[in-house]
Amino acid sequence: MDKTIELKQIRNEVWNLKESPLYQYRTQNKYYPVIGEGNHDAKIMFIGEAPGEHEAKQGRPFCGAAGQVLTEMCTSIGLKRSDVYVTNIVKDRPPGNRDPLPEEIALYAPFLDKQILIIQPDVIATLGRFSMRYIAEKYNLGDKITGISHVHGKTFEAWADYGVITIVPLFHPAVALYKADQRAILFQDFQVFKSFI
Ligand code: URA
C-alpha cells in the first residue's frame, strides 16, 4: 500500500483515540494530535518525546524552540528537515509539558511501531530518554543502551523486521536551549549522521 495512505490511516486512528487520557485535554484546548512529518522514504528518523504547546497548536512535530535547534543541527551537516522524518513517541500533548506517563507511552507506541515499519529508516535517532528507553527495549538493546550520558552519539546495530538498522541515542534538543555545553555536545554528536546521508 502507498506509504502516504498508510500514514493517513495512523493519523485517523490517533485522531479518534478517545480512550487516550490525553484526548479530552486535546479537544478542550483545540489542540491537534501530532503524528509526524517529513520524507516518507527517509533514511533517518528522529523520535522525540511528546508534542509541546507549539506542536499541539499546529499539529506538527518540533516546530517550536527545540525544533529550531533540530533544524539547525540538520543544516549543520547539510540535511534538510524535508530529508528526514520526525515524530514523537506520544502523539498528544501532556498537560503543562509534564513527562509522559508509562501508560501513555504504552498506548501510543504501537503507532510509532507502525510508522517505523512504513518508513523503514536505516537510522533511528532518539531525542531524549523516553524514546531512547522505548527503542532500546524494542530492539533488545536494553543492556547496551544504558544512561543517556554514557551512550549519546554512539551507534548501536539492531535487527528491525525489514533489515539491519542503526540506533543513535541523542540528548533532547531542548537541553541546548538552556545549557550551552549541551548544545555543543548535541552538534558534535550529530556528526555521526554524515556517514548515513
Ligand atoms: N519536544 C518533543 O519531544 N517533541 C516535539 O515535537 C516538540 C518538543
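See above for the structure.
Residue numbers here run from 1 along each chain, matching the order of that chain's written sequence. For a predicted model such as this one, the threshold for reporting local features is a pLDDT of at least 70, and the threshold for listing and counting side-chain atom pairs is 80 or more; totals across whole chains, interfaces and linings nevertheless cover every residue. Each side-chain value is derived from all of the structure's non-hydrogen atoms; neither hydrogens nor water enter the calculation.

Caption draft 1: Representation of the site of the ligand within the structure. Around the ligand, the structure places G48, E49, A50, E55, P61, F62, N88 and H172. Under the rule applied, a polar contact is a pair of N or O atoms within 3.5 Å (in protein, one hydrogen donor and one hydrogen acceptor; residues adjacent in sequence only if both atoms are side-chain atoms). In this structure, a nitrogen atom belonging to the ligand sits 3.1 Å away from a main-chain N or O atom of A50. Between the ligand and the protein, one listed contact pairs a nitrogen atom with a side-chain N or O atom of N88 at 2.7 Å. All amino acids are sorted into three groups, where Ala, Val, Leu, Ile, Met, Phe, Trp, Tyr, Cys and Pro are nonpolar, Asp, Glu, Lys and Arg are charged, and the leftover types, Gly among them, are polar. The class makeup of the residues in the shell around the ligand is three nonpolar, three polar and two charged. Any residue with a heavy atom lying within 4 Å of a molecule or strand is counted as near it.

Caption draft 2: Region of interest: helix 5 (residues 102–119). Secondary structure counts use DSSP, requiring at least four H or I residues in a row for a helix and at least two E residues in a row for a strand, with both numbered from the N terminus. Any helix carries an expected span of 1.5 Å times its number of residues minus one. With 18 residues, helix 5 should cover 26 Å at 1.5 Å per step; its first-to-last C-alpha distance of 25 Å lies within 8% of that length. Note that the bend at a residue is defined as the angle between axes fitted to the seven residues ending at it and the seven residues starting at it. Of all the bends in helix 5, the greatest reaches close to 40 degrees and is centred on Y108; the proline P110 follows between one and four positions later. By the convention used here, residues are in contact when the closest approach between their heavy atoms is within 4.5 Å. On its buried side, helix 5 packs onto helix 1 (3–15), strand 2 (44–48), strand 3 (85–88), strand 4 (123–127) and helix 6 (129–138). Directly beyond the C-terminal end of helix 5, a positive phi value near 55 degrees is found at Q120.

Caption draft 3: Layout of the pattern of salt bridges. The term salt bridge refers to a pairing of a side-chain nitrogen on Lys or Arg with a carboxyl oxygen on Asp or Glu at a separation within 4 Å. A full pass over the atoms with the stated rule returns 11 salt bridges. Across the pair E53 and K57 runs a salt bridge, and its minimum N-O distance is 3.4 Å. On the criterion of helical spacing, the pair formed by E53 and K57 is a turn pair, its members being four residues apart in helix 3 (residues 53–58). The exposure class assigned to K57 is exposed, which follows from its relative accessible area of 51%. For D113, the salt bridge goes to K138, with nearest N and O atoms at 3.2 Å. One end of the pair, D113, is in helix 5; the other, K138, is in helix 6, with 25 residues separating them in the sequence. One connected set of salt bridges, linked through shared partners, spans E37, R60 and R81. To sort residues, take the accessible area from a 1.4 Å probe on protein chains only and compare it with the maximum for the residue type: under 20% means buried, over 50% means exposed, and anything in between is partly exposed.

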